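# Overview (structure and organization)
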Amino acid sequence: MKRLAAAAQQYLTVRRALGFKLRHETWWLPDFVSFLDAHGSSVITTELALKWARQPAGATPGWWADRLSAVRQFARHHRAFDTRTQVPPADLIPYRRPRRTPHLYTSDEIVALMQAASELSHPLRAASYPTMLGLLAATGMRVSEALALDRHDVDWEHELLTVRNSKFGKSRYVPLHPTALAALRDYARRRDRLRPHRQSAAFFLSSTGARVLHQNFQHIFLRLLARTGLDRGRNRRPRIHDFRHSFAMKTVRAWYCAGIDVERRLPWLSTYLGHVSPSTTYWYLTATPELLTAAAERAERAWKVRP
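Here the structure is a predicted model, which is why all the values come from computation and not from measurement.

## A closer look at the layout of surface pockets
Empty space within the second largest pocket amounts to approximately 290 Å³. For the lining of the second largest pocket, the elements supplying multiple residues, two or more each, are α7 (143–147) and β2 (160–163). Top contributing element to the lining of the second largest pocket by residue count: α7, with three residues. Residue composition of the lining of the second largest pocket, grouped by class: six nonpolar, five polar and seven charged.

Right, dumping it as structure tokens:
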């Protein structure tokens, strides 16, 4: 069993080196190995994998399917080292995850969230959280990218952010509008005044003076949704990631309104957002009445000028 546990850790190390975040797999796979041990098996079997995946009993089919998928990927890898390994079929827990319609934030909603964040009780939180929300709205960055920023990642002279080792290990530069840069500068002054002797290299600081953790950011964000009346209940409430969708949609809509060739510009947006290819960016471009209206008006203008 120690051999299988070591194999699981080696597998996780390889996956992380390839750029995968592995938030759940990090504790799922060790737990699965312990489950096998408790059932007296040193070999991955389909029967035990399915039994483990269907825990807890009251979870959703999507949760079960994700757990089984994690074991399936590990089993495929481990089978090269142990031919006794069984790879669970993909259709054991049939589940097709529906695409959730993103919430497209209005300017008023963004202002309301930032205002609520500025009223948080701790002074450093009241400085950090509205600035982080504003940065997400202004750049479409992933929240993990914003939280990972260090002080030296802000190039004040060239008005750039450096995003390092983001999704799939990619890094990129993010140009900033002068107003966004000014907001970051104001925050940095306030942060340094509140924490003049800080030890962390992080740009955004928590109330303890350390880097803001993703789970803490999510917790505070849910509180802000409730304060602003935007929390519509589970599966309906806006998400942090929807800032990214909103940025992409507003950018494309502005291009349509300006008569810019969106197809040619889309690779620019893809690069700015840190996507692997423009095809990924299309996923963000959910049709909205505003975007469809802008596209229709552009098409109408094009027909009018045809000879």
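## Things to note about the packing of aromatic side chains
Under the definition given, this model contains twelve aromatic pairs. Consider the rings of tyrosine 11 and phenylalanine 74, whose centres lie 5.3 Å apart with planes at 50°: the pair is tilted. Taken together, the positions of tyrosine 11 in helix α1 (residues 2–17) and phenylalanine 74 in helix α4 (residues 61–78) put the pair 63 residues apart, joining distant regions of the chain. Taken individually, tyrosine 11 and phenylalanine 74 each receive the classification buried, so the pair is uniform in this respect. When the ring of tyrosine 105 is compared with that of phenylalanine 243, the centres are 4.2 Å apart and the planes differ by 10°; the resulting orientation is stacked. You can see tyrosine 105 sitting in the loop between α4 and α5 (107–118) and its partner phenylalanine 243 sitting in helix α10 (residues 242–257), a full 138 residues away along the chain. Across the pair, exposure class does not vary: tyrosine 105 and phenylalanine 243 are buried alike.

## Observations regarding unusual backbone geometry
Looking along the chain, the bond that leaves glutamine 55 and enters proline 56 is cis, with omega of -10°. Inspection of the secondary structure assignment puts proline 56 in the loop between α3 (46–53) and α4. Here the phi dihedral of glutamate 159 falls at roughly 60°; this positive angle occurs in a residue that is not glycine. Note on placement: glutamate 159 falls in the loop between β1 (154–155) and β2. Since its relative accessible area comes to 31%, glutamate 159 is described here as partly exposed.

## Observations regarding the pattern of salt bridges
A side chain with one charge may pair with a side chain of the opposite charge, provided their charged atoms come close. Scanning the model with the defined rule gives eleven salt bridges in all. Notably, a salt bridge pairs arginine 151 with aspartate 192, separated by 3.5 Å at the nearest N-O pair. On the criterion of sequence distance, the pair formed by arginine 151 in the loop between α7 and β1 and aspartate 192 in helix α8 (residues 178–194) is long-range, its members being 41 residues apart. Accessibility expressed as a relative area gives 43% for arginine 151, which makes it partly exposed. Residue class for aspartate 192 comes out partly exposed when judged on its relative accessible area of 25%.

## Examining the side chain of aspartate 242
Examined against the element boundaries, aspartate 242 turns out to sit in helix α10. At a separation of 3.3 Å, a polar atom in the side chain of aspartate 242 contacts the main-chain amide nitrogen of histidine 103. When near neighbours in sequence (up to four residues on either side) are disregarded, aspartate 242 contacts Pro102, His103 and Tyr105.

Reading the values: the criteria
Residues numbered from 1 in each chain as written. Predicted model: local features only at pLDDT ≥ 70, side-chain atom pairs only at ≥ 80, totals over all residues. Heavy atoms only, no water. 1 Å grid on protein atoms, 1.4 Å probe; cavity = no way out; pocket = protein on both sides within 12 Å on 5 of 7 lines; lining within 4 Å. Points joined across faces, edges and corners; volume = space filled by probe spheres on them. Helix = DSSP H or I, 4+ residues; strand = E, 2+ residues; numbered from the N terminus. Nonpolar A, V, L, I, M, F, W, Y, C, P; charged D, E, K, R; others polar. Phe/Tyr/Trp six-rings, centres within 6.5 Å; stacked < 30°, edge-to-face > 60°. Buried < 20%, exposed > 50% of the residue type's maximum accessible area, 1.4 Å probe, protein only. Salt bridge = Lys/Arg side-chain N within 4 Å of Asp/Glu carboxyl O. Polar contact = N/O pair within 3.5 Å; in protein donor to acceptor, adjacent residues only side chain to side chain. Contact = heavy atoms within 4.5 Å.

Worth remembering: the numbers are spatial, not functional.
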